[in-house]
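# Commentary on secondary and tertiary structure
Chain by chain, the residues:
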Amino acid sequence: MAMKFDGKRALVTGAGKGFGRAIAKKLAECGAETFALSRTQADLDSLKSEVPDIKVINVDLLDWDKTREEVSKIGHIDLLVNNAGVSGKSSFIDTPKENIDMIFDVNFKGTFNVSQVIAKKMIDSGKGGSIVNLSSILSEKAIADGCVYSTTKSAIDMLTKCMALELGPHNIRVNSVNPTVVWTDLTLKYKDELMPLLALTPMGRFPEIEDVVNAVVFLLSDQSGMISGECLRLDGGLGDQ
Ligand code: NDP
């Protein structure tokens, strides 16, 4: 069923590349007035040239105050996708503090910061809304050299549940989408570490970007009107193995 978001206003973070770019394009195609936030201007320029109706915002989520300032300017948002994320590879023993700070600052604090600003607007408007956070099956599954990235995603799962609990009374739903591996700029450099997950996957394949887009759009839409606080695995049956 084609989703309709006419009259809705959407914000997607990390919309320059990968999932975020595809999600922003889909939301615009479905009628939402769409704001695409990322930090590489060339990506935003090419997105804008592909879909002129999309409004672009260049801000680095590592800058807490500037992010609040830019997101505050947008006005009311009905649909928020906290997608921006970075990965990193290092063993628990050797991980320096700067890596821990940087990955948590983008993946966790970036989501927290943007959500605070947007949720406040949703509450003040009385219109409610839907928020989807990009998590990962690595929030539950340990892989070698992935401890910082994975713990940011565990934090996102719990943040999703906490937000759903506190924002539910304001008719704001909050869910996460937790894929296994989709080959993007984020993952292609870690093929050796990630490929073993494929052998454990009953369906014998990893998701495509389109699978992620479909799940996000479903959770944003009224079709999922009673779903909140869920962390939706896109794992081809991998489950708890
Ligand atoms: P990509 O690396 O392809 O795209 C990430 C986007 O986020 C880029 O546009 C990037 O911009 C932007 N971004 C990163 N850091 C910042 C920042 N500090 N401020 C603003 N924008 C930023 O990643 P994916 O599309 O693969 O991943 C998207 C999300 O999905 C992430 O949260 C990731 O953890 C999650 N995920 C991905 C999986 C996968 O297999 N690909 C699996 C499970 C979860 P720039 O390039 O300019 O840095």
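Check the entry above for the structure.
Residues numbered from 1 in each chain as written. Predicted model: local features only at pLDDT ≥ 70, side-chain atom pairs only at ≥ 80, totals over all residues. Heavy atoms only, no water.

### Observations regarding empty space enclosed by the protein
Within this structure, the stated rule accounts for 1 cavity of 30 Å³ or more. Put simply, the largest cavity is a space of about 40 Å³. Forming the walls of the largest cavity are Gly88, Lys89, Ser90, Thr95, Asn99, Ile103, Asp145, Cys147 and Val148. Residues of the lining of the largest cavity, tallied by class, amount to 3 nonpolar, 4 polar and 2 charged. (1 Å grid on protein atoms, 1.4 Å probe; cavity = no way out; pocket = protein on both sides within 12 Å on 5 of 7 lines; lining within 4 Å. Points joined across faces, edges and corners; volume = space filled by probe spheres on them. Nonpolar A, V, L, I, M, F, W, Y, C, P; charged D, E, K, R; others polar.)

### Description of the site of the ligand
For the ligand, the set of nearby residues contains 30 residues, the closest of which are Lys17, Thr40, Tyr149, Val182 and Thr184. Contact distances for the ligand include 3.2 Å between an oxygen atom and a side-chain N or O atom of serine 38. Contact between the ligand and threonine 184: an oxygen atom at 2.5 Å from a side-chain N or O atom of the residue. Across the complex, the protein chains shield 95% of the 900 Å² of accessible surface that the ligand would expose by itself. (Near = heavy atom within 4 Å. Polar contact = N/O pair within 3.5 Å; in protein donor to acceptor, adjacent residues only side chain to side chain. Areas by Shrake-Rupley, 256 points an atom, 1.4 Å probe, with all protein chains shown as cover.)

### Concerning the pairing of strand E6 (residues 172-179)
Burial within E6 is extensive, with 8 of its 8 residues counted as buried. Residues Ile172, Val174, Ser176 and Asn178 of E6 are buried on one face, and the alternating residues Arg173, Asn175, Val177 and Pro179, pointing to the opposite face, are buried as well. Read from strand E5 (residues 129-134) through helix H5 (residues 147-167) to E6, the crossover connection turns out right-handed. Two strands pair when backbone bridges link them, and E6 and strand E7 (residues 231-234) are joined in this way by 4 bridges, in the parallel orientation. Each bridged residue has a counterpart across the sheet, and for proline 179 the counterpart in E7 is leucine 234. (Buried < 20%, exposed > 50% of the residue type's maximum accessible area, 1.4 Å probe, protein only. Helix = DSSP H or I, 4+ residues; strand = E, 2+ residues; numbered from the N terminus. Right-handed = clockwise from strand over helix to strand, strands pointing away. Pairing = 2+ DSSP bridges.)

### As for unusual backbone geometry
Positive phi is not limited to glycine here, since aspartate 145 has a value of about 65°. Among the structural elements, aspartate 145 can be located in the loop between E5 and H5. On the basis of relative accessibility, which here comes to 30%, the residue aspartate 145 falls in the partly exposed class. Its identity is not glycine, yet asparagine 171 carries a phi of approximately 60°, on the positive side. Here asparagine 171 lies in the loop between H5 and E6. Residue asparagine 171 is classed as exposed on the basis of its relative accessible area of 57%.

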